[in-house]
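Chain residues, written in single-letter form:
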Amino acid sequence: MPVPGPGYSITVRVEAPPSAGAAGDLTSAVGRVGGVITAFDVVESHSDRVVVDITCNAMSANHARDITDALQALPGVEVRKVSDRTFLMHLGGKIEVSAKVALRNRDDLSRAYTPGVARVCTAIAENPADARRLTIKRNTVAVVTDGSAVLGLGNIGPAAALPVMEGKAALFKKFAGVDAWPVCLDTQDTEEIIRAVELIAPVYGGVNLEDIAAPRCFEIEARLREKLDIPVFHDDQHGTAICVVAALRNALRVVGKQLADCKIVVCGVGAAGSAIIRLLLQRGPGDILAVDVDGIVHSGRGDTDGNLRWVAANTNREGKAGGLHDALVGADVFIGVSAPNLFGAEQVATMADDAVVFALANPDPEIDPLEAQRHAAVVATGRSDYPNQINNVLAFPGVFRGLLDAQAHGITDLMLLAAADAIADVVDGDRLNASFIVPSVFDAAVAPAVADAVRKAATA
């Protein structure tokens, strides 16, 4: 199922004989082992040799080594250097701080710093609300993690989580003009995390919690929302939920079904799955069956986890038991935020006609999308190399842009639903089809539409 992609892109510098067939030999060697060449550049040319940079996409780090070995095995070819383009992008980090004001002379310095800055400090001390007007607080978000649930990598700690948080900050700036900064905390103690965020909150207009493991993330978010006067948003929960609700609204338009008539299976009841269930319930689905590693969640299981007890009390009206395959029988919709390769086409065939399958586990989904397409009418994944990528970047930049513009002190389900509707509405009726239920993450209309919807909901 994996295909070569830019996440494993390498540039191999090779020295080769200057024969007429050298270029063909090099490209053929890459192709034989499944690499996809994206650039072929002659760096040096001599009478006895040429030096070439071959840039290609691979499927994994091991596959990249296979490509390099295939080139090295050619007669007369020497591999000089292999550059991993992903690592090159991360050298020195991906974000920086830059000044918004010119500091050209003593006058500028006197206003931006001492003595003039003291007047601004005094104004804020007298009226703390002015901090939103006179400092970076009006446009700044803290991206907070403890590194306990990073992507599909698990508990890798705060330092290893930093590249993800940098990327998040870069996306905030790119798509919504929001200044975000990584805050990677060297603790996984709930009380310490809560207190640390409380202590840094005066600088920020909002907090984006990221990659904090469940169930700890639920308590951290809930208590920070109680304690702080700025919005606290756990993107793994609510960003995912917004995008799923948006995509599902359009998918059901494609197949001509109403949410109130649909049986929905949500596989994975951690941070993302629980938030999806909570937001979907606001829209009145026919029924939801939640499934975790122990099977279908129901009140008779005796779960001690508070989140699972809440899910059991609000889903599965008929008290159905069993496993994922049992839950899928007759279901209209599958939403997976769990683990790879859990079922196949034969299980999709047991679902209702015109089924919708959202297999969102990354990088490998719950079912091969090509297998799902054999029986499902609409298929979506979290991957960029298949149609209908459901990606949180559709939501969080615009959500925070709207919250900051409204100078919001919190966030509500009405704001989340407004964001979901805004994303769905970007795909108008002329463009909507089974392979296009959500807009591209690079669609310039998305973030402003989400921001406007959230701002209106926040000020209503």
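Residues numbered from 1 in each chain as written. Predicted model: local features only at pLDDT ≥ 70, side-chain atom pairs only at ≥ 80, totals over all residues. Heavy atoms only, no water.

The name an unreviewed UniProt entry assigns to the protein is NAD-dependent malic enzyme, from the organism Actinokineospora bangkokensis. UniProt lists a comment for the protein under the heading Sequence similarities (unreviewed entry), and it reads "Belongs to the malic enzymes family." (UniProt positions renumbered as here; feature names shortened; annotations may be inferred.)

**Points about the overall build of the protein**
Looking only at helices and strands, the protein has 18 helices and 14 strands in total. Relative to its length of 460 residues, the protein is compact, with a C-alpha radius of gyration of 25 Å against a globular reference of 23 Å. C-alpha extents for the protein along the principal axes are approximately 75 × 75 × 45 Å. Buried positions account for 48% of the 460 residues belonging to the protein. Taking all contacts inside the protein whose residues are at least 6 apart in sequence as the whole, residues at least 24 apart take part in 68%. Accessible surface, the protein as shown: approximately 21,400 Å² in total, 52% of it carbon and sulfur. (Helix = DSSP H or I, 4+ residues; strand = E, 2+ residues; numbered from the N terminus. Rg over C-alpha atoms; globule rule 2.2 N^0.38 Å. Buried < 20%, exposed > 50% of the residue type's maximum accessible area, 1.4 Å probe, protein only. Contact = heavy atoms within 4.5 Å. Areas by Shrake-Rupley, 256 points an atom, 1.4 Å probe, with all protein chains shown as cover.)

**Digging into the packing of aromatic side chains**
As enumerated under the stated definition, the model contains 5 aromatic pairs in all. With a centroid separation of 5.5 Å and 75° between ring planes, the pair formed by F172 and F400 is classed as edge-to-face. Here F400 lies in helix α16 (residues 396-405) and F172 lies in helix α7 (residues 158-176), a separation of 228 residues in the sequence. Accessibility classification places F172 together with F400 in one group, the buried group. Ring geometry for F334 versus F343: centroids 4.8 Å apart, planes at 70°, classification edge-to-face. Residue F334 is classed as buried on the basis of its relative accessible area, which comes to 0%. On the basis of relative accessibility, which here comes to 8%, the residue F343 falls in the buried class. Lying over the aromatic face of F396, K168 brings its terminal NZ or CZ to 3.9 Å of the ring centre. (Phe/Tyr/Trp six-rings, centres within 6.5 Å; stacked < 30°, edge-to-face > 60°. Lys NZ or Arg CZ within 6 Å of the ring centre and 35° of its normal.)

**Observations regarding the nonpolar core**
Nonpolar side chains in soluble globular proteins tend to be buried together. I242, L248, I264, I335 and F358 are the most contacted members of the largest nonpolar core, which totals 76 residues. Here this core gets 11 residues from one element, more than from any other, and that element is helix α10 (residues 235-255). (Core = buried A, V, L, I, M, F, W, Y, C linked by side-chain atoms within 4.5 Å.)

**A few points about the UniProt feature "binding site: a divalent metal cation" (unreviewed entry) in the protein**
In this numbering, the UniProt entry assigns the feature "binding site: a divalent metal cation" (unreviewed entry) to E210, D211 and D236. These annotated residues cover 27 residues of sequence, and their C-alpha atoms all fall within 6.7 Å of one another, placing them together at a single site. Within the secondary structure, D211 is located in the loop between β7 (206-209) and α9 (216-227). The contact partners of D211, leaving out residues within four places of it in the chain, are T145, D146, G147, S148, A149, V150, L151, V164, M165, H234 and D236.

**A closer look at the side chain of S9**
Mapped onto the elements of the fold, S9 is located in strand β1 (residues 5-16). Of the residues examined, S9 reaches a relative accessible area of 1% and is grouped as buried. When near neighbours in sequence (up to four residues on either side) are disregarded, S9 contacts T55, C56, N57, S83, D84, R85 and T86.

**Some thoughts on the packing of α10 against helix α17 (residues 413-426)**
Closest axis-to-axis distance for the α10/α17 pair is 8 Å, and the angle between their directions is 45°. Judged by the angle between their axes, α10 and α17 are oblique. The chirality of how α10 crosses α17 is right-handed. Seen from α10, the contacting residues are H238, I242, V245, A246, R249 and N250; seen from α17, they are L416, L417, A419, A420, D421, I423, A424 and D425. Considered class by class, the residues forming the contact of α10 with α17 number 9 nonpolar, 2 polar and 3 charged. (Axes fitted to C-alpha atoms, helices over the stretch in contact; angles between N-to-C directions. Parallel < 35°, antiparallel > 145°, perpendicular 65-115°, else oblique. Left-handed = near helix turned anticlockwise from the far one by under 90°. Nonpolar A, V, L, I, M, F, W, Y, C, P; charged D, E, K, R; others polar.)

**Considering the UniProt feature "active site" (unreviewed entry) in the protein**
The positions that UniProt labels "active site" (unreviewed entry) are, in the present scheme, Y113 and K168. Spanning 56 residues, the annotated positions stay apart in the fold, the maximum distance between their C-alpha atoms being 30.3 Å. Mapped onto the fold, Y113 is located in the loop between α4 (106-112) and α5 (117-126). What makes Y113 exposed here is its relative accessible area of 57%. Structurally, K168 is set in helix α7. The residues touching K168, leaving out its near neighbours within four places in the chain, are V143, N208, E210, D235 and F396.

**A closer look at the layout of surface pockets**
Within this model, the second largest pocket holds a volume of roughly 1,000 Å³. For the lining of the second largest pocket, the elements supplying multiple residues, two or more each, are α4, α5, α7 and β6 (179-184). Looking at the lining of the second largest pocket, the element that brings in the most residues is α5, giving 4 residues. Partitioning the lining of the second largest pocket into residue classes produces 19 nonpolar, 4 polar and 7 charged. (1 Å grid on protein atoms, 1.4 Å probe; cavity = no way out; pocket = protein on both sides within 12 Å on 5 of 7 lines; lining within 4 Å. Points joined across faces, edges and corners; volume = space filled by probe spheres on them.)

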